[in-house]
2 protein chains.
Amino acid sequence: MAKVQPRTLSGFMELLPARQIQFDRMTSIIRESFSLYAFTPLDTPIIEASEVLLAKGGGETEKQIYRFSKGDSDLSLRFDLTVPLAKYVALNYAKLAFPFRRFQVGKVYRGERAQRGRFREFYQADIDVIGDGQLDISNDAEIPAIIYRTFTSLGLKRFQIRVNNRKILNGFYSMLGLTAQSGAIMRTVDKLEKIGEKSVRELLTAPDIGLSNDQAAEILRFIDIKGCNADILAALEGYRGRDPKFDEGLDELAAVARNLAAFGVPETHFVLDLTIARGLDYYTGTVYETTMLDHPEIGSICSGGRFDNLAEYYTDKQLPGVGISIGLTRLFFVLEDQGYLNDALNTAPADVLILPMTDDMGPAITLSTQLRSAGVRTQIYGEQKKFKQKMNYADKLGVPYVIFLGDDEIKQDKVSLKNMRSGEQGLLPTGEAVEKIVAAMGADDAATPILDKGE
Amino acid sequence: MAKVQPRTLSGFMELLPARQIQFDRMTSIIRESFSLYAFTPLDTPIIEASEVLLAKGGGETEKQIYRFSKGDSDLSLRFDLTVPLAKYVALNYAKLAFPFRRFQVGKVYRGERAQRGRFREFYQADIDVIGDGQLDISNDAEIPAIIYRTFTSLGLKRFQIRVNNRKILNGFYSMLGLTAQSGAIMRTVDKLEKIGEKSVRELLTAPDIGLSNDQAAEILRFIDIKGCNADILAALEGYRGRDPKFDEGLDELAAVARNLAAFGVPETHFVLDLTIARGLDYYTGTVYETTMLDHPEIGSICSGGRFDNLAEYYTDKQLPGVGISIGLTRLFFVLEDQGYLNDALNTAPADVLILPMTDDMGPAITLSTQLRSAGVRTQIYGEQKKFKQKMNYADKLGVPYVIFLGDDEIKQDKVSLKNMRSGEQGLLPTGEAVEKIVAAMGADDAATPILDKGE
């Protein structure tokens, strides 16, 4: 028969078993962390009516969309989890309790040009809190705690949550009479880390934006306000009273910074950073980025912010919100690439492999049932192979324990247990062997998927 | 602004929050059960090259496929999890250890005509064991144990796993000299429950298949062999020696039935059933169906079987396997429809809602951090609303506990804890309140998503 060459599309991450287990461990820690903050899981369809998904229309995103027809329907694959949330909230408004807190971990699709580290199918892990009419700033204040707990639970140590408020920036530009240009200025200032101060200054004074040298200098001076959080807030207080929007933003930023200790976030992992603007017009207040201290070149691994109106394309209801998103597939790719994945993690599908040494599989099966009832992931090796091939299989799986069960063992109600890591082997009463494996599993479970060697 | 009507496509299940939590609970129990049997999780892309996905070609399925172009690529959405597995195994053959045991829970797409209980996007939960060259019958014997543990863990009680072997059927038809017609005969006999014996007899003797009345009677007599498993095996022994394929199938079926008790499967939940053929030419040996005793009209809720060659369209390697599939979205729909979902399950996003009664949110935040560290899903209600509105919110969420934290409580290092189910309220030391909530969570966690009132 003529064969079709098996292949996976480029830009689509498909992992080998051990890596998949690491990825899944990351996902389940993230889900658990989001759940601790009382976000409810949603799972919206991957396909939506194009009319609904593209209600906002235009922009770079639209070109990347997977859009197609089926029968009379014009369909598209979701390109983020925010638009489906907007649809969901508008559609189910009367049935939801507000503030509505939801998380979603799911695949999204963007037909970008394929290149290393860019994916066309990738997971996003999003949380959002949506208010009905209004939403208290305390919701913004909680977000850094969620980011901190999530990444710490994954095993990451050297990261920083960087926070700003768009109202401070907008208010500042309003003070200078530069409101009309503020969008362009912020998008330019946002590139500071990437292209450097000199290039930003050139862009600001170029005809497109057209600032004077003094104006550009003032903006760069403002953006350069640095120090500990208290210093920055103090410096910002110096501008108070000149613009109501600015003052509002300053109050909000102070509120977000106020209860860090109570939220369990150490000062080392939280910085106020006036350079953060997020290049999206969508955000209107608090904005967040998260960077790995040893890999700033990766950019933000968790970003988001406050927005005024989630679902304006679908409903007249005013639905403000605040949320963040982790680009999970790209994060995993980067972590692997940079050597952050914890190789000590047990990535075998089984905690123990039973090798029956008798023709009658009964005793091995009974043992497997006992082990599974104790929560031990158990596999019986039932193939008719030579002993050496069986041990090769155990090695290739990376299974931490092997049990040999022969006539001698069965007669004594014991098992031969081999620790595949240490090579240690012994004859043990069955119950003791189960306990030993369960104890080792506990240690494995405590291992984080990320191993951050920094302090 | 002109609004777009928010809507979700028909045939796409999108759940409200409480139902989503029930669905997710089901999914995670299934994943856990599959993991206990040492299946490794895979997550293949939803989009594949059409050439790869449709390598087999033809058939009813192809018409239902979501197929489209993006740039120069001819793409399709997966319509099952088996074809992507075949591709994966062929592609990664050298890197995998065989037998390769994988599970996948994921969405698949079929553009069927939308009707009640039929979905265009739906979850399948699949396990498969793939051998390299050969695969021992002990793998087939383990499958009923996995089905039994999975559905029992979900809370289902009154179900039966029905097992047969295609070789017995094929061998039987060979004895009668009806091999050429055996496919058509089996597809007809497969309809026995749906259309009744009389109609089956008519179809068998109609010109299309063209059996004599005697032949039809003999087939129906064979298919009607009933009784306990030992009786059926004994009856089948009566045919031994007349066809080698039959004898092989009988040995296999006996092997599958032999170790049920050791596998922990009660006789009540396992039946040998010669009417099961699965209407797919794909299966070559053991076949499985699972039916709800009180709802036979629903059909099989978990089916599968043994196949000879997983990936013949991609590789010359002979890769036999055995597997089963649960149509999770349809199962959930049916369970809800038939009143099987356990309403006692805690489907609130939070285990406790904290209502701060002071302007300073610090103490409430500190308490929330303490609760979360104890694994309690905690929400602080930070909105500026009237007390009554706050309590309405707690009611609408269905949260089991509310904590009131005012000046009095803070001074005494206590909290006011209200059990929202019983209405009971009391002032408690913080640690005691945490313990009380954790204990209640333990009881909630033990609740199964399905409540089967049958015995």
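Residues numbered from 1 in each chain as written. Chains lettered and ligands numbered in written order. Predicted model: local features only at pLDDT ≥ 70, side-chain atom pairs only at ≥ 80, totals over all residues. Heavy atoms only, no water.

A. Looking closely at the overall build of chain A. The helix and strand inventory of chain A stands at 16 helices and 16 strands. Each of the three principal axes of chain A carries a C-alpha extent, and together these read 90 × 60 × 45 Å. Within chain A, the fraction of its 455 residues that count as buried is 59%. Contacts spanning at least 24 positions in sequence make up 68% of the contacts within chain A whose residues lie at least 6 apart. The average position of the 54 basic charges and that of the 62 acidic charges among the side chains of chain A differ by 5 Å. (Helix = DSSP H or I, 4+ residues; strand = E, 2+ residues; numbered from the N terminus. Buried < 20%, exposed > 50% of the residue type's maximum accessible area, 1.4 Å probe, protein only. Contact = heavy atoms within 4.5 Å. Lys, Arg positive; Asp, Glu negative; His and termini not counted. Charge placed at Lys NZ, Arg CZ, Asp CG, Glu CD.)

B. The arrangement of a negative patch on the surface in detail. Residue and element names in this part refer to chain A. On the surface, D359, D360, D407 and D408 cluster together to form a negatively charged patch. When you line up the elements, D408 lands in helix α15 (residues 407-412). When its relative accessible area of 52% is taken as the criterion, D408 is described as exposed. (Patch = residues over 30% accessible without salt bridge, like charges linked within 9 Å, V, L, I, M, F, W, Y side chains within 5 Å. Areas by Shrake-Rupley, 256 points an atom, 1.4 Å probe, with all protein chains shown as cover. Salt bridge = Lys/Arg side-chain N within 4 Å of Asp/Glu carboxyl O.)

C. Layout of unusual backbone geometry. Here F98 of chain A and P99 of chain A are connected by a cis peptide whose omega angle stands at 0°. Examined against the element boundaries, P99 of chain A turns out to sit in the loop between α4 (82-91) and β5 (100-109). For A38 of chain B, which is not glycine, the phi torsion reads 65° and is therefore positive. Structurally, the position occupied by A38 of chain B is in the loop between α1 (17-36) and β1 (40-41). Using a relative accessible area of 1% as the deciding quantity, one classes A38 of chain B as buried. Phi angles above zero are rare outside glycine, and D413 of chain B is one such case at about 55°.

D. Region of the structure containing the pattern of salt bridges. One pass over the structure, following the stated rule, counts 54 salt bridges over all chains. Among the ionic pairs, R101 of chain A bridges to E142 of chain A, the shortest N-O distance being 2.7 Å. Here R101 of chain A, found in strand β5, pairs with E142 of chain A, found in helix α5 (residues 138-154); they are 41 residues apart in sequence, far enough to count as distant. Between R421 of chain B and D444 of chain B there is a salt bridge whose closest N-O contact spans 3.5 Å. One end of the pair, R421 of chain B, is in the loop between β15 (414-419) and β16 (425-429); the other, D444 of chain B, is in helix α16 (residues 430-446), with 23 residues separating them in the sequence. A cluster of three or more residues bridged by salt bridges with shared partners is formed by E14 of chain A together with E48 and K87 of chain B.

E. Geometry of the relation of the copies chain A and chain B. You can overlay chain A on chain B at an RMSD of 0.1 Å; the transform is a turn of 180° with a shift of 0.0 Å along its axis. Within this description, the copies of the chain are treated as partners about a two-fold rotation axis. Across chain A, the rotation axis passes nearest the C-alpha of F68 of chain A, at a separation of 3.0 Å. Counting the interface residues of chain A, we find that 100% of their copies in chain B are interface residues as well, pointing to one common contact surface. (Least-squares fit on C-alpha atoms with pLDDT ≥ 70 in both.)

F. Inspection of the interface of chain A and chain B at higher detail. With 101 residues of chain A at the contact, the number on the chain B side is 101 residues. At the boundary of chain A with chain B, total buried surface from both sides reaches about 8,500 Å², with 58% on carbon and sulfur atoms. Between the two partners, chain A and chain B, sit 12 salt bridges. With a shortest N-O distance of 2.9 Å, R372 of chain B and E142 of chain A are connected by a salt bridge. Between the two partners, chain A and chain B, sit 48 residue pairs in polar contact (both at pLDDT 80 or more). Class assignment for the residues of the side of chain A that touches chain B results in 53 nonpolar, 24 polar and 24 charged. (Buried area = accessible area lost by both parts, 1.4 Å probe. Polar contact = N/O pair within 3.5 Å; in protein donor to acceptor, adjacent residues only side chain to side chain. Nonpolar A, V, L, I, M, F, W, Y, C, P; charged D, E, K, R; others polar.)

G. Just the sheet that holds strand β8 (residues 270-272) of chain B, in detail. Residues and elements named next belong to chain B. Across the sheet, which stays open at both edges, the 8 strands sit in the order β1-β5-β6-β11-β10-β9-β7-β8 with mixed pairing between neighbours. Each of the sheet's edge strands pairs with one partner strand only, and the pair in question is β1 and β8. Across 3 bridges, the pairing between strand β9 (residues 283-292) and strand β10 (residues 303-307) is antiparallel. The partner of Y288 across the bridge, within β10, is G304. (Pairing = 2+ DSSP bridges.)

H. Expanded view of the sheet that holds strand β3 (residues 67-70) of chain B. Residue and element names in this part refer to chain B. Pairing is antiparallel in the open sheet, where 3 strands are placed in the order β2-β4-β3. The two strands at the open ends of the sheet, each matched to only one other strand, are β2 (47-49) and β3. Across the sheet, the mean angle separating the axes of adjacent strands is 40° when strand polarity is ignored. (Axes fitted to C-alpha atoms, helices over the stretch in contact; angles between N-to-C directions.)

I. The arrangement of the packing of aromatic side chains in detail. Tallying each qualifying case throughout the model produces 39 aromatic pairs over all chains. Pairing F23 of chain A with Y123 of chain A gives two aromatic rings, centres 5.4 Å apart and planes at 45°, and the pair type is tilted. With a gap of 100 residues between them, F23 of chain A in helix α1 (residues 17-36) and Y123 of chain A in strand β6 (residues 121-130) connect regions that are remote in the sequence. Each member of the pair, F23 of chain A together with Y123 of chain A, is buried. Their ring planes at 70° and their centres at 6.3 Å tell us that Y66 of chain A and F68 of chain B sit as a pair that is edge-to-face. (Phe/Tyr/Trp six-rings, centres within 6.5 Å; stacked < 30°, edge-to-face > 60°.)

J. Structural view of the side chain of K390 of chain A. Residues and elements named next belong to chain A. Counting through the fold element by element, K390 comes out in helix α14 (residues 387-397). Despite its burial, K390 remains without a salt bridge, the nearest opposite charge being carried by D359 at 8.6 Å. Filtering out sequence-adjacent residues up to four positions away, K390 remains in contact with L355, P356, Y381, E383 and K385.

K. Molecular detail of the pairing of β15 of chain B. Residues and elements named next belong to chain B. Where strand β14 (residues 401-405) meets β15, 4 bridges bridge the pair, whose relative direction is antiparallel. Within the sheet, the bridge partner assigned to F404 lies in β15 and is S416. Relative to β16, β15 is paired through 5 bridges, and the arrangement is antiparallel. Opposite S416, over in β16, you have L427 as the bridge partner. Remark: 5 residues form the turn of the hairpin made by β15 and β16, two consecutive strands paired antiparallel; G423 in that turn has positive phi of roughly 85°.

Honestly, it's all geometry; don't read function into it.
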